[in-house]
Each structure stands twice: as structure tokens, then as C-alpha cells.
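Each chain, written out:
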Amino acid sequence: MTLQDKTAVVTGAAHGIGEALARRLAACGAGRVVLVDIDSEGVSRVAEEVGGLARVVDVCAPEQVACLIGEIQTEFGAIDYCFSNAGVAVGGGLETEVEDWCRAWEVNALAHVHLARLVIPGMASRGEGRFVITASAAGLVSNVTAGPYAVAKASAVAFAEWLAINYGDSGVKVSCLCPQGVDTRMLEADDPLMAFLRKGALSPDQVVDAVFRGLEANQFLILPHHEVADYFRRKAGDYDRWLEGMRRFRRSLSTRRDDHETIRNENVKG
Ligand SMILES: NC(=O)c1ccc[n+]([C@@H]2O[C@H](COP(=O)([O-])OP(=O)(O)OC[C@H]3O[C@@H](n4cnc5c(N)ncnc54)[C@H](O)[C@@H]3O)[C@@H](O)[C@H]2O)c1
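Keep in mind that this is a model prediction, so the values were computed, not measured.

**Student:** An account of the overall build of the protein chain is requested, with residue identities and associated values reported.
**Tutor:** From N to C terminus, the protein chain includes 11 helices and 7 strands. Computed over its C-alpha atoms, the radius of gyration of the protein chain comes to 18 Å, within 12% of the 18 Å expected for a compact globule of 270 residues. In terms of its C-alpha atoms, the protein chain occupies a principal-axis envelope of roughly 55 × 40 × 30 Å. Here the protein chain holds 270 residues, and the buried ones make up 44% of them. Sequence-distant contacts in the protein chain: of pairs separated by 6 or more residues, those separated by 24 or more amount to 68%.

**Student:** Give me the site of the ligand: which residues, what numbers.
**Tutor:** For the ligand, the set of nearby residues contains 28 residues, the closest of which are Gly12, His15, Gly16, Gly87 and Thr184. Examining the composition of the shell around the ligand, we find that 3 residues originate from one element, helix α1 (residues 16-27), more than from any other.

**Student:** I'd like a description of the sheet that holds strand β7 (residues 221-222), backed by residues and values.
**Tutor:** The strand order across the open sheet formed by 7 strands is β3-β2-β1-β4-β5-β6-β7, and the pairing between neighbours is parallel. Each end of this open sheet is capped by a strand with a single partner; those strands are β3 (53-56) and β7. Pairing of strand β2 (residues 32-37) with β3 involves 4 bridges; the strand directions are parallel. What sits directly across from Val34, in β3, is Leu53.

**Student:** So what's going on with the environment of Leu110? Which residues, and what values?
**Tutor:** Tracing the sequence through the fold places Leu110 in helix α4 (residues 98-126). According to the C-beta neighbour criterion, Leu110 is partly exposed, with 18 such atoms within 10 Å. Taking the C-alpha atoms as reference, Leu110 lies 18 Å from Ala13; in sequence the two are 97 residues apart.

**Student:** Would you mind going over the packing of α1 against helix α8 (residues 204-216) in detail, with residue names and values included?
**Tutor:** The contact between α1 and α8 brings their axes to 9 Å, and the two run at 60°. With respect to each other, α1 and α8 are oriented oblique. Note that α1 runs across α8; the crossing there is right-handed. In contact with Gly16, Ile17, Glu19, Ala20, Leu21 and Arg24 of α1, α8 contributes Pro204, Asp205, Val207, Val208 and Val211. Grouping the constituent residues of the contact of α1 with α8 by class yields 7 nonpolar, 1 polar and 3 charged.

**Student:** Let's hear about the pairing of strand β4 (residues 81-84): which residues, and what values?
**Tutor:** Burial along β4 is two-sided: Tyr81 and Phe83 and Cys82 and Ser84, pointing in opposite directions, are all buried. For strand β1 (residues 7-11) and β4, the ladder comprises 3 bridges, and the chain directions are parallel. Bridged to Ala8 within β4 is Tyr81. With 4 bridges joining them, β4 and strand β5 (residues 130-134) adopt parallel strand pairing.

**Student:** Give a detailed account of the nonpolar core, specifying residues and quantitative values.
**Tutor:** Within the largest apolar cluster, 71 residues are counted, with the highest numbers of intra-cluster contacts made by Val10, Ala22, Val33, Leu35 and Phe131. Sequence-distant contacts of Leu35, that is, excluding residues within four places in its chain, are made with Val10, Ala13, Ala22, Val43, Val46, Ala47, Gly52, Leu53 and Ala54.

**Student:** Can you lay out α8 for me, pointing to particular residues and giving the numbers?
**Tutor:** Here α8 contains 13 residues, and its C-alpha end-to-end distance of 18 Å stays within 8% of the 18 Å for a straight helix at 1.5 Å per residue. Directly after α8, the chain includes Asn218, whose backbone phi takes a positive value near 55°.

**Student:** Go over the environment of Leu118 with me, naming the residues and quoting the values.
**Tutor:** Within the secondary structure, Leu118 sits in helix α4. With 19 C-beta atoms counted inside 10 Å, the residue Leu118 sits in the partly exposed group. Sequence separation between Leu118 and Ser203 is 85 residues, and the spatial gap between their C-alpha atoms is 31 Å. Dropping the residues within four chain positions of it, Leu118 is found in contact with Val65, Ala66 and Ile69.

**Student:** Describe the confidence of the model for the protein chain, with residues and values.
**Tutor:** Averaged over all residues, the pLDDT of the protein chain equals 94, while 94% of them reach at least 70. Note that pLDDT drops below 50 for residues 257-270; the model gives that stretch 24 contacts with residues more than four away or on any other chain.

**Student:** Explain unusual backbone geometry to me, and be specific about the residues and the numbers.
**Tutor:** Despite not being glycine, Asp5 has its phi angle at roughly 65°, a positive value. Residue Asn218 is not a glycine yet carries a positive backbone phi of 55°. Within the secondary structure, Asn218 sits in the loop between α8 and β7.

**Student:** Which residues make up the pairing of β2, and what values go with them?
**Tutor:** For β2, the tally of buried residues reaches 5 of 6 residues, placing the bulk of the element in the interior. Where β1 meets β2, 5 bridges bridge the pair, whose relative direction is parallel. The residue of β2 that forms the bridge with Val9 is Val34. The handedness of the β1 to β2 crossover, carried by α1, is right-handed. At this point the chain moves from β2, through helix α2 (residues 40-50), to the parallel β3, and the crossover so formed is right-handed.

What counts as what
Residues numbered from 1 in each chain as written. Predicted model: local features only at pLDDT ≥ 70, side-chain atom pairs only at ≥ 80, totals over all residues. Helix = DSSP H or I, 4+ residues; strand = E, 2+ residues; numbered from the N terminus. Rg over C-alpha atoms; globule rule 2.2 N^0.38 Å. Buried ≥ 20, exposed ≤ 12 C-beta atoms within 10 Å, placed from the backbone. Contact = placed C-beta atoms within 7 Å. Near = placed C-beta within 6 Å. Pairing = 2+ DSSP bridges. Axes fitted to C-alpha atoms, helices over the stretch in contact; angles between N-to-C directions. Parallel < 35°, antiparallel > 145°, perpendicular 65-115°, else oblique. Left-handed = near helix turned anticlockwise from the far one by under 90°. Nonpolar A, V, L, I, M, F, W, Y, C, P; charged D, E, K, R; others polar. Core = buried A, V, L, I, M, F, W, Y, C linked by C-beta atoms within 7 Å. Expected span 1.5 Å × (residues − 1). pLDDT = per-residue confidence, 0-100. Right-handed = clockwise from strand over helix to strand, strands pointing away.

Dropping the structure here:
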């Protein structure tokens, strides 16, 4: 990938995967990296360290996102790489308050729409550009302890597919990043699934390695954890058998039920 003179935007860049993406883009010589996050202190720190530009924006607020994109386009011209990566973990199930289901949906799904509406038309008219959505393995094969998260991430995958279908012919390359456990703040919750995922967790840098490999190969689906491809194939091959396997997996996690109940209740509000 040629990054010289290119403008890259990364949301959720104050921590974790977004921070690692911003650091790598800067280290690889991107012309300018715009780091976007709701965490003002965190994004300023990382931007200063990598020589990028920090912008404090709530990706769920369309008017803030419009100001951001307008400012970048006026100041630097076209956006070449856009990583729509910000996300939040929202756990629990039917007992989770509707406002928390909405928060999961707004950050993990609708925020990609706000950004794409502003960035993709310009890419399509120029006939080039990369738009990368960070979804999750949960978007492909669910998440047994986090209903709102799984549902929103499935929407993110569906939106990325839809963009790829509708804008691929215009030269826009859309990718969808679907990691399983990654060693970031998101994996810190004391939930039995998180404990399971921590065992096979990758570092944010390993995820960025997979992103760069995927972009070089023009891949739509970027799977840093290779086993996720097997889970996804099994689901497509025999949906009922896959569901039975997921129920078995859920039962195996419930051996730590006490921990789970406590943490799930905390997560619902957190
Ligand atoms: N860590 C994992 O195991 C894992 C697995 C699969 C997918 N993901 C996804 O990767 C992405 C990055 O997560 P991470 O693991 O680096 O977690 P993280 O918590 O370290 O980083 C998420 C970043 O998004 C920012 N953010 C949250 N809401 C925002 C908003 N409304 N506006 C602007 N910024 C906002 C946070 O401030 C934070 O800096 C997320 O979309 C997440 O769902 C993470």
C-alpha cells in the first residue's frame, strides 16, 4: 500500500485497535492521520505521539461527524483511507434496558452509516478509496453473553457487505474486520466469555498486521483469528447443528454462573 501523501481517518483511535491502526499508518508514512475519539485526553495523547491530528467527536452524532469530514476535506482534500472502528461493549440479553440496546446499535452499527454517507460518495466519484469497518466475529457467529453487541455487530457486517456490493464497481474498496478476542480494554470485563476469549487473544498490533495483509490482498473479510473462518463455514453449512453447538458452548460457560450473573448485571449498565 502506498500511504505517502494519503489522508487516513481512524475512529476510536484513543485506545486499542484504533490506536494501533493510527500508530501503524503514521509509522508507514501516511501523509496525515486524523485520530478521532470521544476520549479527548486519550486521543490527544496518541495523536501527539504519532504526529497526527486529534479530533474529539462522538461518532454517533451526525452533525459532529459532518463538521469533522467537512473540515478534513477543506483542509487536506480527499480522504483516502477511512477506518470506522469506534465501538462499545454492551452485554446482557432481554433484561438489558432498551436505552443500552440503542447505545450498542448507535455506536456499533449506525455510526458506520453516518461516516459512510459523508465519505463514500467522494471516494466513488474519484474511483478510489478504502473504507474499513471494524465489526467483530460476534457479527458473524454471535456472542453468547452480549445480545446487544452481537446484534449490532451483525448489522455492521451487513452494512459493510451492502457497501461493497453497491460501491465496488465505482472503485471503492470496502473491508470488514472481524476479530475475536483482542487484548484491549474491551476484553477486561470479568465475564466467563471474556475469560475464554482472553486465552486466545491477539494483540492490537497483530490485528493491524492482519488488516494490512487484508488490504494488500484486497480482501473484504479480514479475519485475524483463522478459526473464525471455520466457525462461519460451519454455521453456513448446517445452521441447526451450529446453533446446537452454540447452546452447548453457552452451557459450558454457565459453570461459572455466579460470576457471570454479577458481571452481566454490571455490564448492562456499564
Ligand atoms: N477487543 C476485542 O476483543 C474486540 C473484538 C472484536 C471486535 N472489536 C471491535 O474493535 C473496535 C475497537 O475496540 P477495542 O477493542 O480497541 O476497544 P477500546 O475500548 O480499546 O477502543 C474503542 C475506542 O472507541 C472509542 N469510542 C467509543 N464510543 C465512541 C463514540 N461514540 N465516539 C467516538 N469514539 C468512541 C473509545 O473511546 C475507545 O477509544 C470496536 O468496534 C470493537 O467492537 C474488539
